[in-house]
2 protein chains.
Amino acid sequence: MIFSSKLIEDAVDQIAGLPGIGKKTALRLVFHLLKQDEKSTVALTDTLLKLRRDIVYCNQCHHISDTPTCNICNSNKRDRTLLCVVEDSQDVLAIENTAQYQGLYHVLGGVISPMEGVSPIDLHITSLLERVAKSEIKEVIFALSPTMEGDTTTFYLTKKLREHQIKISTIARGVPIGSELEYTDEITLGRSIIGRTTYE
Amino acid sequence: MIFSSKLIEDAVDQIAGLPGIGKKTALRLVFHLLKQDEKSTVALTDTLLKLRRDIVYCNQCHHISDTPTCNICNSNKRDRTLLCVVEDSQDVLAIENTAQYQGLYHVLGGVISPMEGVSPIDLHITSLLERVAKSEIKEVIFALSPTMEGDTTTFYLTKKLREHQIKISTIARGVPIGSELEYTDEITLGRSIIGRTTYE
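For clarity, every value in this text was computed on a predicted model and none was experimentally measured.

Summarizing the sequence annotation, UniProt attributes the feature "domain: Toprim" (unreviewed entry) to residues 81-176 of chain A in the numbering used throughout. Overall, residues 81-176 of chain A shows 32% helix and 20% strand. The separation of its end C-alpha atoms is 28 Å.

As structure tokens, this is what we get:
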């Protein structure tokens, strides 16, 4: 693409460097900013800088937070006997948006992956074991991705947690709601039969 | 959506305020920035601020520019007898990217639209007439949108330009290349028959 302006070219390159944004979209955004007041560009850039500079990680669960302890860990409305283990903060937000979970979280910061060079010491595992040992947690729910790395991590942590007198569970795997059964891959469909729910 | 962080919420709101970006994409971009070095957020925001603050409009053609006169108007490789009239700078970039045009441009800054309260005095028409009067332009090509407003503007300017001894043309309207004939709307198809090209 020809931009005939170094300023435009630089801005398009920067925006198109973000995931999922192509050069055409970037160019449209650049023209949008140029059509708006300088104020709105300043507001956008100030907010992004503030986000990047001021965000911290919760000293309890390692979730992104505005304060040293996040507002989930601080809340007195949460069930402190339940702990959901997730890979990253995005998973916390995804589960929060279901409005189906009222317990606490623990963000591992990744999953064990020898291929990517991620070993247990790179994850927030020590603090997980300490939390389980010291607090009133009665159940640990694993909500890691249904991949080999996720399963390996769940297996590893399950072994580590077994010495504590707690219930250990993992989120259900099965046919996604709203999907057509015939288009579900055979591994998922197989799992959904093995893990079937009995009407009682 | 629940974000459990004011910083994240503000950043998502700002990004989702851009055209064509929803809250989910905004959230993905926010997490991308958080995963990167602070340096990359600074680079992004600096570039956007610089763009918004430093961009100027060419004193010849009103195209966005880094310098008082844009590099198209300044170039000695362009055909100075051809002038293409467009609505905005995005149209200049679109035509430049076809690599089919070597003349100069004139950016009107809009089209005449009584509905939107845009009258001829709001557009760069005086400077267009002056350029045509004073320079070596032999042909003015109208490349405005094929809408009622675009057509009205072309008609208005054609009348104004008629006193000069120049050729006046408009870009071809017809069936878009690669499209299926049966799905082309009847107005476009009708125009393409009226404006048919004869093999000579």
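Overlay of chain A on chain B (RMSD 0.1 Å): rotation 180°, translation along the axis 0.0 Å. On the angle and the small slide along the axis, the relation comes out as a two-fold axis. When C-alpha distances to the rotation axis are compared across chain A, the minimum falls at T45 of chain A, with a value of 2.5 Å. The share of interface residues of chain A whose copies in chain B are also at the interface is 100%, consistent with both copies meeting through the same surface.

Residue and element names in this part refer to chain B. Turning to helix α6 (residues 126-134), its buried residues number three or more, namely L128, R131 and V132. When α6 is viewed along its axis, its buried side chains cluster within an angular range of 95° and face the same direction. For α6, the exposed residues lying more than 90 degrees away from the buried face are T126, A133 and K134. Where α6 is buried, its residues meet α4 (71-74), β3 (79-86), β4 (103-107), β5 (139-142) and α7 (148-161).

By the assigned domains, chain A splits into domain 1 (6-54) and domain 2 (77-193). The centre of domain 1 of chain A, based on its C-alpha atoms, is set 36 Å off from the matching centre of domain 2 of chain A.

In this section: the nonpolar core. Side chains of nonpolar character tend, in soluble globular proteins, to be buried together. Core analysis: the largest hydrophobic core is formed by 42 residues, its most contacted members being I8 and I15 of chain A together with I8 of chain B. Going through the elements one at a time, α1 (6-16), α2 (23-35) and α3 (38-54) of chain A together with α1 (6-16), α2 (23-35) and α3 (38-54) of chain B are the ones with two or more residues in this core. With near-sequence residues (within four places) excluded, I8 of chain A lies in contact with F3, L27, V30, F31 and L34 of chain A together with L51, I55 and I64 of chain B.

The next thing to look at is the interface of chain A and chain B. Buried accessible area, meaning the area lost when the parts come together, often serves as the stated size of an interface. Taken together, the contact between chain A and chain B spans 56 residues of the former and 56 residues of the latter. Between chain A and chain B, the buried area comes to about 5,200 Å², and carbon and sulfur atoms account for 69% of it. At the boundary of chain A and chain B, one finds 2 salt bridges. Note that R53 of chain A is salt-bridged to E38 of chain B, the shortest N-O span being 2.9 Å.

Below, the discussion takes up the UniProt feature "zinc finger region: C4-type" (unreviewed entry) in chain A. Those residues carrying the UniProt feature "zinc finger region: C4-type" (unreviewed entry) are residues 58-73 of chain A in this numbering. The span residues 58-73 of chain A is 19% helical and 12% strand by assignment, and the distance between its end C-alpha atoms comes to 8 Å.

Reading the values: rules and limits
Residues numbered from 1 in each chain as written. Chains lettered and ligands numbered in written order. Predicted model: local features only at pLDDT ≥ 70, side-chain atom pairs only at ≥ 80, totals over all residues. Heavy atoms only, no water. UniProt positions renumbered as here; feature names shortened; annotations may be inferred. Helix = DSSP H or I, 4+ residues; strand = E, 2+ residues; numbered from the N terminus. Least-squares fit on C-alpha atoms with pLDDT ≥ 70 in both. Contact = heavy atoms within 4.5 Å. Buried < 20%, exposed > 50% of the residue type's maximum accessible area, 1.4 Å probe, protein only. Arc of directions from axis to C-beta. Domains from an automatic or database assignment. Core = buried A, V, L, I, M, F, W, Y, C linked by side-chain atoms within 4.5 Å. Buried area = accessible area lost by both parts, 1.4 Å probe. Salt bridge = Lys/Arg side-chain N within 4 Å of Asp/Glu carboxyl O.

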